[in-house]
Amino acid sequence: MEPFRTFRGKTALVTGGARRLGRAIALALAREGAGLVLHYRSSCREARRTAEEARKLGAAVHILQADLEDPAAPEELFRLALEAAGPLDILVNNASEYFPDRMDGLRWENLSRSMKVHAFAPLALIRAFAAQGREGAVVNLLDARVLDYDKEHYSYHLGKAVLLSITKEAALEYAPLVRVNAVAPGLILPPEGEGQDYLDRLAPTNPLQTHGDPAQVARAVLFLLSAPFVTGQALYVDGGRNLLGGRHE
Ligand SMILES: NC(=O)c1ccc[n+]([C@@H]2O[C@H](COP(=O)([O-])OP(=O)(O)OC[C@H]3O[C@@H](n4cnc5c(N)ncnc54)[C@H](OP(=O)(O)O)[C@@H]3O)[C@@H](O)[C@H]2O)c1
């Protein structure tokens, strides 16, 4: 497969691209010359703002709304993306729902919600992407704790663990035309409702004793998109957190 020597002339669909890490990834792609289909669920105003910034960088941008908890939504989203932007070269499965629950008392509704957003939607989008029958690259956003046991976010954790499996299996299923990789961020942005003190408090628990930032995650995504001999891999951007397992708790 030809590497993406340049992102110019390429078009990327980024799910959950309105804000936070998705926004950083979308803008990094725009900065490198890619066109964007920016997906959002509820952050309409932020999506418009991100699109405006990307356009200032010279990108053609289309905005699409979809709730990926609806099992019919991924295929429809992809169909609308094709209609709006033409063939897609890049897919970034970034959309995610981070919510607390534990194994003890796990409810089907939570598990099903996580599986729909973290497993079924990315898989359905990858399938539709591969069905274009052209070269392309996918990056799925995992979590540095994917091989660990995140007992406070168990449904989320299970969803990401399935997405890791999907990353490897889709890499085999859709080779050689489509490469499928993953980025597993660690401590990058505080969860909603938390501030900088959350990052400062947890930074010393990482082997590198610091936290990352969205630009570092975006750089890892761009690397995997442009690495022609790499598929089925997860790149941890986490200051070494994944090496510890659950041992620091
Ligand atoms: N932030 C971190 O430090 C960190 C650490 C580890 C892993 N990650 C992973 O990196 C990715 C980005 O992180 P983040 O913190 O920026 O993510 P986030 O804020 O938790 O979620 C990203 C976007 O996902 C969209 N989304 C949520 N539920 C959806 C649904 N049902 N249908 C469609 N879209 C939905 C939301 O869009 P709207 O706002 O439009 O509703 C949200 O803005 C995620 O996959 C996350 O798991 C992040």
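Quantities reported herein were computed from a predicted structural model and do not represent experimental measurements. (Residues numbered from 1 in each chain as written. Predicted model: local features only at pLDDT ≥ 70, side-chain atom pairs only at ≥ 80, totals over all residues. Heavy atoms only, no water.)

S.K.: Before we go on, may I ask you to explain the site of the ligand in this structure?
M.R.: Close contacts around the ligand come from 27 residues, with R20, S42, S43, L68 and K160 the closest. R20 places a polar side-chain atom, nitrogen or oxygen, 2.8 Å from an oxygen atom of the ligand. Separating an oxygen atom of the ligand from a backbone N or O atom of L21 is a distance of 3.0 Å. If the ligand stood free it would expose 880 Å²; the protein chains cover 93% of that surface. At the level of secondary structure, the elements contributing two or more residues to the shell around the ligand comprise α1 (20–31), β2 (35–40) and α5 (154–173). The residue inventory of the shell around the ligand, partitioned by class, reads 12 nonpolar, seven polar and eight charged. (Near = heavy atom within 4 Å. Polar contact = N/O pair within 3.5 Å; in protein donor to acceptor, adjacent residues only side chain to side chain. Areas by Shrake-Rupley, 256 points an atom, 1.4 Å probe, with all protein chains shown as cover. Helix = DSSP H or I, 4+ residues; strand = E, 2+ residues; numbered from the N terminus. Nonpolar A, V, L, I, M, F, W, Y, C, P; charged D, E, K, R; others polar.)

S.K.: Explain unusual backbone geometry to me, please; I cannot follow it from the model alone.
M.R.: The general pattern is negative phi for most residues beyond glycine and trans for most peptide bonds. Of the consecutive residues A175 and P176, the connecting peptide bond is found in the cis state with omega at 5°. Secondary-structure assignment places P176 in the loop between α5 and β6 (178–185). With phi around 50°, R20 is a residue other than glycine that occupies positive phi space. Residue position: R20 is located in helix α1. The class of R20 is partly exposed, set by a relative accessible area of 35%. Unusually for a residue other than glycine, Q209 sits at a positive phi of about 55°. Mapped onto the fold, Q209 is located in the loop between α6 (196–202) and α7 (214–225). (Buried < 20%, exposed > 50% of the residue type's maximum accessible area, 1.4 Å probe, protein only.)

S.K.: For this particular structure, what's the right way to read the nonpolar core?
M.R.: Burial of nonpolar side chains together is a common tendency in soluble globular proteins. In this structure, L29, L36, V183 and V217 are the most contacted members of the largest nonpolar core, which totals 32 residues. Contributing elements (two or more residues each) for this core: β1 (11–14), α1, β2, α2 (44–56), β4 (90–93), β5 (136–141) and α7. When sequence neighbours within four positions are dropped, the list of residues in contact with L29 reads F7, A12, V14, A34, L36, I90, V92, L222 and L225. Core analysis: the second largest hydrophobic core is formed by 31 residues, L68, A95, A130 and L164 among them. (Core = buried A, V, L, I, M, F, W, Y, C linked by side-chain atoms within 4.5 Å. Contact = heavy atoms within 4.5 Å.)

S.K.: What is the right way to look at the sheet that holds β6 in this model?
M.R.: Strands pair in a sheet through their backbones, by hydrogen bonds, and they do so in one of two ways: parallel or antiparallel. Taken in spatial order, the seven strands make up an open sheet running β3-β2-β1-β4-β5-β6-β7, and their pairing is parallel. Two strands close off the open sheet at either side, each with one partner strand: β3 (61–65) and β7 (234–237). Between one strand and the next, the sheet's axes are offset by a mean angle of 15°, whatever the strand orientation. Sheet topology note: the β6/β7 ladder contains four bridges and is parallel. (Pairing = 2+ DSSP bridges. Axes fitted to C-alpha atoms, helices over the stretch in contact; angles between N-to-C directions.)

S.K.: Would you mind showing me how to read α1 here?
M.R.: Because each turn of an α-helix spans 3.6 residues, side chains separated by three or four positions end up pointing in the same direction. For α1, with 12 residues, the first-to-last C-alpha span of 17 Å sits near the 16 Å given by 1.5 Å per residue. In terms of burial, α1 is largely enclosed, as nine of its 12 residues are buried. When α1 is considered as a whole, its buried residues turn out to be L21, G22, A24, I25, A26, L27, A28, L29 and A30. Looking at the residues trailing α1, positive phi occurs at G33, about 105°. (Expected span 1.5 Å × (residues − 1).)

S.K.: So what exactly am I meant to see when it comes to the packing of aromatic side chains here?
M.R.: Each aromatic ring pair is characterised by the separation of its centres together with the angle its planes make. By the definition in use, this model includes three aromatic pairs. Taking the centre distance of 6.4 Å and the plane angle of 85° together, the rings of F78 and F129 count as edge-to-face. Taken together, the residues F78 in helix α3 (residues 73–85) and F129 in helix α4 (residues 108–130) connect sequence positions 51 residues apart. The pair F78 / F129 is uniform in exposure class, with both members buried. In this arrangement the basic side chain of R113 is found over the ring face of F99, its NZ or CZ atom lying 4.0 Å from the centre. (Phe/Tyr/Trp six-rings, centres within 6.5 Å; stacked < 30°, edge-to-face > 60°. Lys NZ or Arg CZ within 6 Å of the ring centre and 35° of its normal.)

S.K.: What's the story with α3 in this structure? I'm lost.
M.R.: Between the first and last C-alpha of α3 there are 18 Å, a value that for 13 residues agrees with the 18 Å anticipated at 1.5 Å per step. Lining the buried residues of α3 we find β1, β2, β3 and α4. Positive phi appears at G86, one or two residues downstream of α3, with a value of about 80°.

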